[in-house]
Amino acid sequence: MSEFPAFPPGFVFGAATASYQIEGAAQEDGRGPSIWDTYSHTPGRTDGGDTGDVACDHYHRYPEDIALLRDLGVESYRFSIAWPRIQPDGSGPANQKGLDFYSRLVDSLLEAGIEPAATLYHWDLPQALEDRGGWRVRETAERFGEYASIVAEHLGDRVPRWITLNEPWCSAFLGYSVGRHAPGAKEGTGALAAAHHLLVGHGLAMNALRAAGVREAGITLNLDRNVPATESDADLAAVVRADTQHNLVWTEPILAGRYPATDEETWGELITAQDFRREGDLELISQPLDFLGINYYRPIVVAAAPYREADPALRVATDNRYTETEYPGVRRTAMGWPVVPESFTDLLTALKRTYGDALPPVHITENGSAEFDTVGPDGAVRDADRVSYLQSHLTALKAAMDAGVDVRGYYVWSLLDNFEWALGYAKRFGIIRVDYDTQERTPKDSYRWYQQLIAAHRS
Ligand code: FCB
């Protein structure tokens, strides 16, 4: 029996990255500042004070990276477009040099026989828009729709698969309530308004992509498998709140055209007293998707935590109304994340049970692990833990497919070691090692393993 799980013909294997995490060239060719430039340059925000100024220098080295993708054998490459390269201050006419960069990237991918899959927003909001309120205000969603039109008009004929937003949960809640992502705000209503405006922005971007006639358009969510720490009423109630905030806030409007039934019990007057939901929004948000992108890394064990009446901002912070506790008895990655492949299967089958035929075909747009890789004296990068993570999660994915979930593709996170947001460069997710002093790329054992899996799939 092969060590590789077998996938149906036509199943797409890919690799993923994101602009701010790899490109560098932060001030080149007219790129404007994004909220991540501001955040990472603010002392104390990122580990080691790391920034994306240089990152993997992919902006200049993309031909080498595409050669590595071609040798890997992937059918598709998921990258993101930096909004501040296209519109340096978030509105108005396009910066031609920014469009040209992505045009060159797309053409080089196509020449290498790789299908481009583009994400419009992987968190690098133009700072000028944050200065006017960021995702707290509806205007940002409108600007996002305009930006989507510009990009779709220029690249829509050559890029077959489009993702409007990556993990809007992180943008809304890590960005505006937990404060661990840019712009680093700690608010209550601000975070809920951001969540809603991200959804509206998604709908407007879908309109723009449809108008340009692209082949496939969807959104990527990081849905969580929330497991109660105990069967106590308090912990079960905490799971409902965690599900509402992490999952239902997105899946209910997008897949079912309604707001979560549990939003009032989760957020109280922060949601009932709001005025950002407008008539017609649900129709815009719930328009049909060609696929749903899902990023999966780990399950979350949820336990009740004390709610501090005094600070409404904390009411929407993940670490207050419930606590993520430890998952007992399993290996943890370098992120401290528990490795539980079965929960990947459970997440997908539960989603199918909940939404049935309303669940579109799924692409796993990210999955992978940060590990403590060892570099041998010969320079070889040994990452057996990552190989075992990928192997067990692909097997778990296949189990979900066998149980009836229509999954069409899988993108490993990530092609390259890169800037892991607030955790900087210390956390390595790549199947290719990057030496940040020399920018040398070294394929790891996991790269070879994935290459063989893809070759076996094709043969
Ligand atoms: C996801 C992000 C991606 C990367 C991985 C590890 O939340 O979408 O950019 O940081 O986590």
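The protein is annotated in an unreviewed UniProt entry as Beta-glucosidase from Streptomyces sp. 900116325. Taken verbatim from the UniProt record of the protein, the Sequence similarities (unreviewed entry) comment is "Belongs to the glycosyl hydrolase 1 family."

J.: Where do I start with the sheet that holds strand E5 (residues 216–221) in this structure?
T.: Note: strands within a sheet are paired through backbone hydrogen bonds, in either parallel or antiparallel orientation. Within the closed barrel, the eight strands sit side by side as E1-E2-E3-E4-E5-E7-E10-E13. Their pairing is parallel. On average, each strand axis in the sheet is tilted by 25° relative to the strand beside it, whichever way the strands run. Where helix H5 (residues 96–111) meets the sheet, its contacts fall on strand E2 (76–80) and strand E3 (115–121), and the angle it forms with E2 comes to roughly 170°. Across the sheet, helix H16 (residues 341–355) touches strand E7 (291–295) and strand E10 (362–366), and the angle it forms with E7 is around 150°.

J.: Just to check I follow, could you spell out unusual backbone geometry for this structure?
T.: The bulk of non-glycine residues show a negative phi, and the bulk of peptide bonds are trans. For the peptide bond that leads from Ala182 to Pro183, omega is 5°, which places it in the cis range. Within the secondary structure, Pro183 is located in the loop between helix H8 (168–178) and helix H9 (189–211). The backbone of Ala55 sits at a positive phi, close to 50°, despite the residue not being glycine. Judged by relative accessible area, Ala55 falls into the buried class, the value being 4%. The residue Asp57 is not glycine, and still its phi comes out positive at about 50°. Looking at the element boundaries, Asp57 is found in the loop between helix H2 (35–40) and helix H3 (58–72). A relative accessible area of 13% places Asp57 in the buried class.

J.: I tried to follow the pattern of salt bridges on my own but got confused; where do I start?
T.: Between side chains of opposite charge, a pair can form as their charged atoms come close. According to the stated counting rule, one finds 33 salt bridges in the structure shown. One salt bridge connects Asp57 with Arg61, and the closest N-O pair in it is separated by 2.9 Å. Classification of Arg61 by relative accessible area gives partly exposed; the value is 28%. Two residues, Glu371 and Arg331, come together in a salt bridge whose shortest N-O distance is 2.9 Å. Of the two residues, Glu371 sits in the loop between E10 and strand E11 (374–375) while Arg331 sits in the loop between strand E9 (322–325) and H16, which places them 40 residues apart along the sequence. Using a relative accessible area of 7% as the deciding quantity, one classes Glu371 as buried. Overlapping salt bridges bring together Asp373, Asp383, Arg386, Asp417, Arg428 and Lys444 as one network.

J.: Whenever I open this one, the side chain of Asn166 confuses me. Can you help?
T.: When you line up the elements, Asn166 lands in strand E4 (residues 161–166). Within the structure, the side chain of Asn166 is placed 2.9 Å from the side chain of Arg78, a separation counted as a polar contact. A polar atom in the side chain of Asn166 sits 3.1 Å from the side chain of Asn295. If near-sequence neighbours (up to four positions away) are discounted, Asn166 is found in contact with Arg78, Thr119, Tyr121, His122, Trp123, Ser171, Thr220, Asn295 and Glu366.

J.: What should I look at first to understand H16 in this one?
T.: Side chains that are three or four residues apart share a direction in an α-helix, a result of its 3.6 residues per turn. Along its 15 residues, H16 runs 22 Å from first to last C-alpha, staying within 8% of the 21 Å computed at 1.5 Å per residue. If you check which residues of H16 are buried, you get Pro341, Ser343, Phe344, Thr345, Leu347, Leu348, Thr349, Ala350, Leu351 and Tyr355. Tucked into the core, H16 has its buried residues touching strand E6 (225–228), helix H10 (233–256), E7, strand E8 (299–304), E10 and helix H17 (384–402). Just beyond H16, the residue with positive phi is Gly356, at close to 55°.

J.: What's the story with the packing of H5 against helix H7 (residues 138–155) in this structure? I'm lost.
T.: Geometrically, a packed helix pair is captured by the angle between its two axes and the distance between the axes. Contact geometry for H5 and H7: axes closest at 11 Å, N-to-C directions at 40°. Between H5 and H7, the interaxial angle falls into the category oblique. Crossing of H5 against H7: the hand is right-handed. Each of Leu99, Tyr102, Ser103 and Val106 in H5 lies in contact with H7, whose residues at this interface are Ile150, His154 and Leu155. Of the residues belonging to the contact of H5 with H7, the class tally is five nonpolar, two polar and no charged.

How each quantity is defined
Residues numbered from 1 in each chain as written. Predicted model: local features only at pLDDT ≥ 70, side-chain atom pairs only at ≥ 80, totals over all residues. Heavy atoms only, no water. UniProt positions renumbered as here; feature names shortened; annotations may be inferred. Pairing = 2+ DSSP bridges. Helix = DSSP H or I, 4+ residues; strand = E, 2+ residues; numbered from the N terminus. Axes fitted to C-alpha atoms, helices over the stretch in contact; angles between N-to-C directions. Contact = heavy atoms within 4.5 Å. Buried < 20%, exposed > 50% of the residue type's maximum accessible area, 1.4 Å probe, protein only. Salt bridge = Lys/Arg side-chain N within 4 Å of Asp/Glu carboxyl O. Polar contact = N/O pair within 3.5 Å; in protein donor to acceptor, adjacent residues only side chain to side chain. Expected span 1.5 Å × (residues − 1). Parallel < 35°, antiparallel > 145°, perpendicular 65-115°, else oblique. Left-handed = near helix turned anticlockwise from the far one by under 90°. Nonpolar A, V, L, I, M, F, W, Y, C, P; charged D, E, K, R; others polar.

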